[in-house]
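Below, each chain spelled out in residue letters.
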Amino acid sequence: MGTGKKRIGILSAGGDCPGINAAIRGVGKTAIVKYGMEVVGIANGFSGLMDMEATHMEEKDLSGIITVGGTILGTSRFKPFKKEEGETENKPQIIKENYDKLGLDALVCIGGNGTQKTANLLAQEGLNVIGIPKTIDNDVYGTDVTFGFDSAVDIATEAIDRLHTTANSHKRVMVIELMGHNAGWITLHSGIAAGGDVILLPELDFDLDNVCNCLMERSKVGKPYSIVVVAEGIEKPKKKSAASYIGRKIQKMTGMETRETILGYIQRGGTPSPQDRILATRYGAHAAELIHRGEYGTMVSLKNDVITSVPLEDVGGKLRLVNPDHYLIDQGRSMGVCFG
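Below, the structure is looked at part by part. (Residues numbered from 1 in each chain as written. Predicted model: local features only at pLDDT ≥ 70, side-chain atom pairs only at ≥ 80, totals over all residues. Heavy atoms only, no water.)

Quick word on the packing of aromatic side chains
Pairs of aromatic rings are described using the distance from one ring centre to the other and the angle between the two planes. Across all of its chains, the model carries one aromatic pair by this definition. A cation over an aromatic ring shows up here: Arg320 above the ring of Trp185, its NZ or CZ 4.2 Å from the ring centre. (Phe/Tyr/Trp six-rings, centres within 6.5 Å; stacked < 30°, edge-to-face > 60°. Lys NZ or Arg CZ within 6 Å of the ring centre and 35° of its normal.)

So, the pattern of salt bridges
Following the criterion strictly, the structure yields 13 salt bridges and no others. The partner of Glu158 in a salt bridge is Arg162, and the shortest N-O contact between them spans 2.8 Å. Of the two residues, Glu158 and Arg162 are both situated in helix H5 (residues 149–170); the distance of four residues between them amounts to about one turn of the helix. Given the relative accessible area of 56%, Arg162 is considered exposed. Where salt bridges share partners, they join Arg172, Glu257 and Arg259 into one cluster. (Salt bridge = Lys/Arg side-chain N within 4 Å of Asp/Glu carboxyl O. Helix = DSSP H or I, 4+ residues; strand = E, 2+ residues; numbered from the N terminus. Buried < 20%, exposed > 50% of the residue type's maximum accessible area, 1.4 Å probe, protein only.)

Thoughts on the environment of Val229
Summarising the element assignment, Val229 is placed in strand S8 (residues 226–231). Sequence separation of Val229 and Gly191 is 38 residues, and the distance between their C-alpha atoms is 6.0 Å. In contact with Val229, not counting residues within four places along its chain, are Ile160, Ile176, Leu178, Thr187, Gly191, Gly196, Val198, Ile199 and Leu200. (Contact = heavy atoms within 4.5 Å.)

Here we look at the layout of surface pockets
Rolled over the atoms, a probe sized like a water molecule indicates the empty space that remains. Roughly 670 Å³ of volume is contained in the largest pocket. Residue assignment for the lining of the largest pocket shows that the elements contributing at least two residues are helix H4 (113–124) and strand S6 (173–178). The element that contributes the greatest number of residues to the lining of the largest pocket is H4, accounting for four residues. Of the residues contributing to the lining of the largest pocket, the split by class is 10 nonpolar, 13 polar and nine charged. Space inside the second largest pocket adds up to approximately 250 Å³. For the second largest pocket, the lining is made up of 16 residues, of which Val145, Phe149, Asp150, Gln275 and Leu279 are closest to its centre. Listed by contribution, the elements that provide at least two residues to the lining of the second largest pocket are H5, helix H6 (185–193) and helix H9 (274–293). No other element matches the five residues that H9 contributes to the lining of the second largest pocket. (1 Å grid on protein atoms, 1.4 Å probe; cavity = no way out; pocket = protein on both sides within 12 Å on 5 of 7 lines; lining within 4 Å. Points joined across faces, edges and corners; volume = space filled by probe spheres on them. Nonpolar A, V, L, I, M, F, W, Y, C, P; charged D, E, K, R; others polar.)

Points about the packing of helix H1 (residues 20–34) against H9
Interaxial distance between H1 and H9 falls to 7 Å at its minimum, and their mutual angle equals 35°. Pair H1 / H9 crosses with right-handed handedness. Across the interface between the two elements, Ala22, Ala23, Arg25, Gly26, Val27, Thr30 and Ala31 of H1 pack against Arg277, Ala280, Thr281, Gly284, Ala285, Ala287 and Ala288 of H9. Residue composition of the contact of H1 with H9, grouped by class: eight nonpolar, four polar and two charged. (Axes fitted to C-alpha atoms, helices over the stretch in contact; angles between N-to-C directions. Left-handed = near helix turned anticlockwise from the far one by under 90°.)

In structure tokens form, the structure reads like this:
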């Protein structure tokens, strides 16, 4: 290159969520304005490194994106270290070669657990990598919170608020299913925030007899409707959604009229909350600082509201789950919320 400037690549991988563009902006603007670096945007996650889908980004290209949901770079769930049957190409080697062809000094990987695991494997292959944790599930190990989570809780809470009025009008039990295969963070926070009567999490065992007894007791004391908030990853029969399984069991066991709602991808879309914009910006700015200091092989992290970093090797393959002794669970139980 001959300029002496560091040249960094930015990609977003895995599921989309609100705040990714704020993180891209935080990395890019800090890198360009504060440190005089060159920035390359890589399209569609790690597949963009395979296919050399890369674009030089100026500071002006990063303006006006902080309010936009999703990711301007696109994303994919492509896993370069996963070898498909009959595959002959060495995907990690191609990525390393393209990293060099692009003249990159560092690569910023914005993503959740799978992305951070891949980022660590690339770091072990010799690439200079920095991770930024994002996911609505809030289950990335090594950080107190991921951006995308606050926005998802806002959306889920509003949805539950709306179900209260319909449940009350028709005197029904409303079951709402929220995202979270392994972690119940969205369900716990939005369930408490929106006054859920029953909250079921993947991390906690539940007994349907207890759930139904709770709902019937509420009916006996003049509470003719109830809100049941469930995470998609609770224990259930295969090929059945959590909402339909729980809803049909409740109706059969209690005789109470029950309806189900699956919120689905609505939780991942739309404008990021102010809190997520700020957190993503802080993460992005710190990623640029870590590159400036040459502290590679790390993931940006929030600990007690202080931005820091943790080794990528400590993050990959682990999950941050809801502790059964979490203060919100204790608080909910003390107010009569049933956790099954």
